[in-house]
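Now for the letters of each chain:
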Amino acid sequence: MDIATIIGVVGGLALIGVAIGPAQLVYFVSVPSFLLVVGGAAAALFVNYPLSDVIAMINVMKKTLLYKVQSPKEVIPQLVEYASTARKDGILALQSVSKQGDDPFLNKGLQLAIDGAEPQTILKILETEVEYIRERHRIGAEMAQTFGTYLPAFGMIGTLVGLVLMLQNLDDPSSIGPSMAIALITTFYGALLANLVFLPMAGKLKKRSADETLVKELLTEGIVSIASGDNPRIIEQKLHVFLLPKLRESQFD
Amino acid sequence: MDIATIIGVVGGLALIGVAIGPAQLVYFVSVPSFLLVVGGAAAALFVNYPLSDVIAMINVMKKTLLYKVQSPKEVIPQLVEYASTARKDGILALQSVSKQGDDPFLNKGLQLAIDGAEPQTILKILETEVEYIRERHRIGAEMAQTFGTYLPAFGMIGTLVGLVLMLQNLDDPSSIGPSMAIALITTFYGALLANLVFLPMAGKLKKRSADETLVKELLTEGIVSIASGDNPRIIEQKLHVFLLPKLRESQFD
Amino acid sequence: MDIATIIGVVGGLALIGVAIGPAQLVYFVSVPSFLLVVGGAAAALFVNYPLSDVIAMINVMKKTLLYKVQSPKEVIPQLVEYASTARKDGILALQSVSKQGDDPFLNKGLQLAIDGAEPQTILKILETEVEYIRERHRIGAEMAQTFGTYLPAFGMIGTLVGLVLMLQNLDDPSSIGPSMAIALITTFYGALLANLVFLPMAGKLKKRSADETLVKELLTEGIVSIASGDNPRIIEQKLHVFLLPKLRESQFD
Amino acid sequence: MDIATIIGVVGGLALIGVAIGPAQLVYFVSVPSFLLVVGGAAAALFVNYPLSDVIAMINVMKKTLLYKVQSPKEVIPQLVEYASTARKDGILALQSVSKQGDDPFLNKGLQLAIDGAEPQTILKILETEVEYIRERHRIGAEMAQTFGTYLPAFGMIGTLVGLVLMLQNLDDPSSIGPSMAIALITTFYGALLANLVFLPMAGKLKKRSADETLVKELLTEGIVSIASGDNPRIIEQKLHVFLLPKLRESQFD
Amino acid sequence: MDIATIIGVVGGLALIGVAIGPAQLVYFVSVPSFLLVVGGAAAALFVNYPLSDVIAMINVMKKTLLYKVQSPKEVIPQLVEYASTARKDGILALQSVSKQGDDPFLNKGLQLAIDGAEPQTILKILETEVEYIRERHRIGAEMAQTFGTYLPAFGMIGTLVGLVLMLQNLDDPSSIGPSMAIALITTFYGALLANLVFLPMAGKLKKRSADETLVKELLTEGIVSIASGDNPRIIEQKLHVFLLPKLRESQFD
């Protein structure tokens, strides 16, 4: 569960709520304004992406909140152990491991190695796989970013609508202030949703994708080294570059 | 038929229409303002692109609405079948297939393989073809994007025109509000057309191009593998990286 | 003669003139404002580019209006014919052609082939030539773009000047409106010149450069293939990727 | 200690303080406004980055203030000396050096050379290490940049809140001025913190990273040359390209 | 001496001075406003760059005004002459030339060739040198650009300060106009300094760097060809691609 996202969104809204003050919160609640901004930006998103992709976005955003990425620190000792096993008992000894594991990427790679594929072939297949994973992530992050770009645009469009209506009805001077306040609320909604929710969420999706593909690259490097029959000690040294120096703990020292 | 585009544009306009309210919609209808914004942006587009390209854009935009892209999921079994046929009966057995097919790209690639061209040569010819398809798509999307960039600029130019005229005729205070409302309408038109229609449409053209060239890359990979006489099972594994893991269904399991 | 550019600029100005209305056009004519915006942006351009380059820009802009690019469709049959001649009568038979032609790039390439240079050498020389042509075009387009960026900036500077002067002289309330109208005219000039003339012209220069270098790349591919003694039929197939599929007409069918 | 950062922040604030004048500074102090801007941008940062990364940022920013990078000018003679020792007494003679040194990157590289690793292997390991160092730096700078982008956004959001509240309470005309002044303070905070602190700090983090990785690249070049048994004089010449010509002092002249 | 820079800055300022009119120039002179904008942007620059780099910037800017770049047209015949000498009398005959020349880059390259270094080695050393020259130039241009980005930001900060002070002191209506005029002057300073001086100067530094590194690349190509013992006629043809076709004058025709 991604606590930071929830802390950020809830905390940010609470902060602004406190700054406004409970007695005046009512001035900032307008269902039609909210519908105009969110609905307009959603309409633009429908024009911008195929229907199936828009639906897929909901899954992507759930993933942001619930996602748990493997840590390179946990993966390295496991790979080094596999390498030791393969060195000692032959690569076929990894057969049982590749069935048990719960990471389909690792299993696929090990299975290729067990089946006797050339290291170069394994490298190419796994690299292509990582590339397409990265591409699917990129589209998810891009969609959140795009939504975060249309939101302030429709906020401004809503304010223009409000201003035009107000300017056409200037008869009652006492209504000018509140009319303009209402006109500004769409801009407020657009700016808040974009800057507190969707643009930062796009940022987190990018970061998560980078973390995940880093682990996948590490796995690729490790599997190819195992398939090449490298020394486990050298494999560990190769994989340690993926870690901060202070996190590197050798199993051989 | 691309339903999402129509839902988006019609839904977005309806939403804004409802927010304005039917009684006041008349304040937002101004043919001269519309002509200024759309005509001005169109004039800029004429300066920006050769005449023939501007005309071609209309076809590009029709394509956005009517386009139907092949799914990688449908194409893979077909390629695997061709590979099996080629393995069993020789590559010449694909002759009949390459005449029937309705995808000229696939036909061209198969024909090259049947004619005995080297896999490297086929790869180079098909890759160049994909590159130029991508380039033609890119120009279409860029043109929609450019139009979507000029629209708000001419919206602002229209508002400046309206403001200058209003400021030069301040004698009648009661006309200031409506004059300014009219001045703002061009900005409203520019922002709405850009953010609801042309910028999202540029986005969809990019997405469509990516989908189409992905299938073309998959076809290239498959045809080159067939020409190289690869094992159908290995070809399937190579092509499956183009699919989401959960969509991968092997014909050999 | 590039009709689209003229249609665009003249049509765009006419449209805005009609929107303003002939009786009020006088409000938008201000020689000092025009000099401030154009002169200021020109001064910035002088700081931004060496004197010789600024002068060269005038030629570049003329080229935009008068330029006529060769079509790939015309060039391909010509190259295929040369290839046939070279195959039949030897490469020296192209000697007469390379003297007659009016395209110095093609002549240079053919001359290199006739002189017996290695295909790799010809490729490298012609590619470097194309690269520097692209670079010279890029600078021309960049200069138009830069000018189109400074214009609205000096439009805003002019408006700031007008606002400060107006705010320092508020004694006569009736002059406030017209003063502010005049202040806004520089912003209007800057936005109009940038968005109707210079930014689109930069776009057209880029498009033209792409078209021209595409033909040069096609010529390079063709000349290198001729020098390599390739089969004319294969050369045609290689060059056809530069064309839209529907424009491809083989001379051999 | 990075004096320029402190001079910049303190000097910039002092300058603005003097411009405001001590008697009026009180108008610019508003704890709720400050909390809204900084808290809102911090909330967005929490949504944008994993919790652990946000905490790591504090270390990154301390590093900006306290960091001391090695100068290429100091490192080159040291490497040349090692090269001479390795040439004269064999590469094992560097054993003692590689234990003493306080730069773990240099020690690691020398140890690899002493252990007899191939120059190509050393190059690959050290290059990967430099790449990941650069990546970790990049994320730190990106985070400061992101914070500097959210700050003005929440400044604007705060001003919108203030404007809406003011427009809803126009009864007392004498309070309009001060209310609007207070509304503008959040924009002021956002602009000042972004442009005086966080955006420039992101710039410095990038510069520092470039300086540090340059030294690491120089060390890599030097270690690989030592492992290859190159002539010390040639090593010096290779490494001098990392220095400004006027700083190059040969030990051999 | 770079006349265009001086013409640009002086001419631009004169133009704006004339537009304001001598009697009203006094409204635009405000030492505190100037200090706020320039001092604030300078403070941000100190945070953004190490102290030593900020000082180095002054030299970079002097260079912009005083710099004189060699023309490719002058350099080519010289290189062709050296090539002829090397062909006729052996490469050692260039010894005297490499001592006399006043271009340290050319001398270094020739010396390497005379010392018998491999063409590939010379190419690598000179290319690295050019790369670092380009990098040092890039930082200079980036710094001018960064300063030109902070200037309008601090112009806006100054205007916010002025607006807040004005809104807190609305008692005297007659002072509102002049107060606001003064508030706008910082925006005017920021926009003018950025768009007339620092952003264009960054552009010129980039252009100059491109011109200088082009000549250095030409020299590299020439020196490597001389070291390879190429035919002077072929060297000339290789180097001519760096020139506009109409400037190419062969010494052999």
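Before going into details, it helps to say that this report is about the structure given with it. (Residues numbered from 1 in each chain as written. Chains lettered and ligands numbered in written order. Predicted model: local features only at pLDDT ≥ 70, side-chain atom pairs only at ≥ 80, totals over all residues. Heavy atoms only, no water.)

What to know about the overall build of chain A
We count it as follows: The way it works is that DSSP assigns letters per residue, a run of H or I at least four long becomes a helix, a run of E at least two long becomes a strand, and they are numbered from the N terminus. When we talk radius of gyration, it's over C-alpha atoms, and the globule rule is simply 2.2 Å times the number of residues to the 0.38. Here a residue-residue contact requires only that any non-hydrogen atoms of the pair lie within 4.5 Å. Each accessible area is a Shrake-Rupley result for a 1.4 Å probe, and residues are judged covered by the shown protein chains and nothing else. Positive: Lys, Arg. Negative: Asp, Glu. His and the chain ends are not part of the count. Where a charge lies is defined by one atom per residue type, namely NZ (Lys), CZ (Arg), CG (Asp) and CD (Glu).
Counting secondary structure elements, chain A contains nine helices and zero strands. Going from N to C terminus, chain A has its helices and strands arranged as α-α-α-α-α-α-α-α-α. A compact globule built from 253 residues would reach a C-alpha radius of gyration of about 18 Å, whereas chain A, at 26 Å, exceeds it by more than 25%. Oriented by its inertia axes, the alpha-carbon framework of chain A measures out at about 90 × 40 × 25 Å. Considering only contacts within chain A whose residues lie at least 6 apart along the sequence, 76% involve residues at least 24 apart. In the form shown here, chain A has an accessible surface area of approximately 11300 Å², with 63% of it arising from carbon and sulfur atoms. Computed over 21 positive and 24 negative side-chain charges, the inter-centroid distance for chain A is 3 Å.

Digging into the relation of the copies chain C and chain B
Stated formally: Least-squares superposition aligns the copies on the C-alpha atoms of those residues with pLDDT at or above 70 in both.
Placing chain C over chain B gives an RMSD of 0.0 Å and needs a rotation angle of 72 degrees, together with 0.0 Å of translation along the axis. On this basis, the relationship between the two copies can be described by a five-fold rotation axis.

Digging into the interface of chain D and chain A
A common way to report how large an interface is uses the accessible area buried once the components associate. The condition that has to hold: Throughout, buried area stands for the accessible area (probe radius 1.4 Å) lost by two parts on being put together, summed over both. Definition used for salt bridges: Asp or Glu carboxyl oxygen within 4 Å of a side-chain nitrogen of Lys or Arg.
On the chain A side, the residues contacting the 36 residues of chain D number 42 residues. On the chain D side of the contact with chain A, Val47(D), Tyr132(D) and Gln168(D) bury the most area, a combined 19% of that side's loss. One salt bridge connects Glu221(A) with Lys124(D), and the closest N-O pair in it is separated by 3.8 Å. Mapped onto the side of chain D that touches chain A, the elements with two or more residues apiece are α2 (31-48), α3 (51-66), α6 (104-114) and α7 (119-168) of chain D.

Structural notes on the interface of chain C and chain B
The test is simple: Definition of a polar contact: a pair of N or O atoms within 3.5 Å, with one able to donate and the other able to accept a hydrogen when the atoms are protein atoms, and with sequence-neighbouring residues admitted only if both atoms are side-chain atoms.
Contacts between chain C and chain B engage 42 residues on the former and 36 residues on the latter. Summing the contributions of chain C and of chain B, the shared interface buries around 3400 Å²; its carbon and sulfur component is 74%. Summed over the three residues of chain C that lose the most area to chain B, namely Tyr27(C), Lys207(C) and Val241(C), the buried surface amounts to 17% of that side. With its nearest N and O atoms 3.0 Å apart, the salt bridge here joins Lys207(C) to Asp53(B). The interface formed by chain C and chain B contains six residue pairs in polar contact (both at pLDDT 80 or more). For the side of chain C that touches chain B, the secondary structure elements donating two or more residues are α1 (3-20) and α8 (176-227) of chain C. Of the residues forming the side of chain C that touches chain B, the biggest block, 22 residues, is contributed by α8(C).

Some details on the side chain of Glu129(D)
Put simply, the rule reads: Any residue under 20% of the maximum accessible area for its type is buried, any over 50% is exposed, and the rest in between are partly exposed; the area is computed with a 1.4 Å probe on protein chains only.
As for its placement among the helices and strands, Glu129(D) is situated in helix α7. For Glu129(D), a relative accessible area of 6% gives the class buried.

As for helix α1 (residues 3-20) of chain B
Residues and elements named next belong to chain B. For clarity, the threshold we go by: A helix is expected to span 1.5 Å for every residue after the first.
Between its first and last C-alpha atoms α1 spans 26 Å; for 18 residues at 1.5 Å apiece the expected length is 26 Å, and the two agree. Turning to α1, its buried residues number three or more, namely Ala4, Thr5, Gly8, Val9, Gly12, Ile16, Gly17 and Ile20. Just past α1, the residue Gly21 takes up positive phi, approximately 95 degrees.

Structural notes on the environment of Ile133(B)
Here Ile133(B) lies in helix α7 (residues 119-168). Non-local contacts of Ile133(B), meaning those with residues more than four positions away in its chain, are made with Glu212(B), Thr213(B) and Lys216(B).

Examining the pattern of salt bridges
In the structure shown here, the tally under the stated rule is 55 salt bridges over all chains. Of the charged contacts, one joins Lys108(B) and Glu129(B) as a salt bridge, the two residues approaching to 3.0 Å between their closest N and O atoms. Of this pair, Lys108(B) sits in helix α6 (residues 104-114) while Glu129(B) sits in helix α7; the two residues are 21 residues apart in sequence, bridging distant segments of the chain. For Arg248(D), the salt bridge is made with Glu129(E), and the minimal N-O distance between the two is 2.8 Å. Note that Arg248(D) is positioned in the segment after α9 (232-240) and Glu129(E) in helix α7 (residues 119-168), a pairing that runs across two chains. Accessibility classification places Arg248(D) together with Glu129(E) in one group, the buried group.

By themselves, these figures tell us nothing about what the structure is for.
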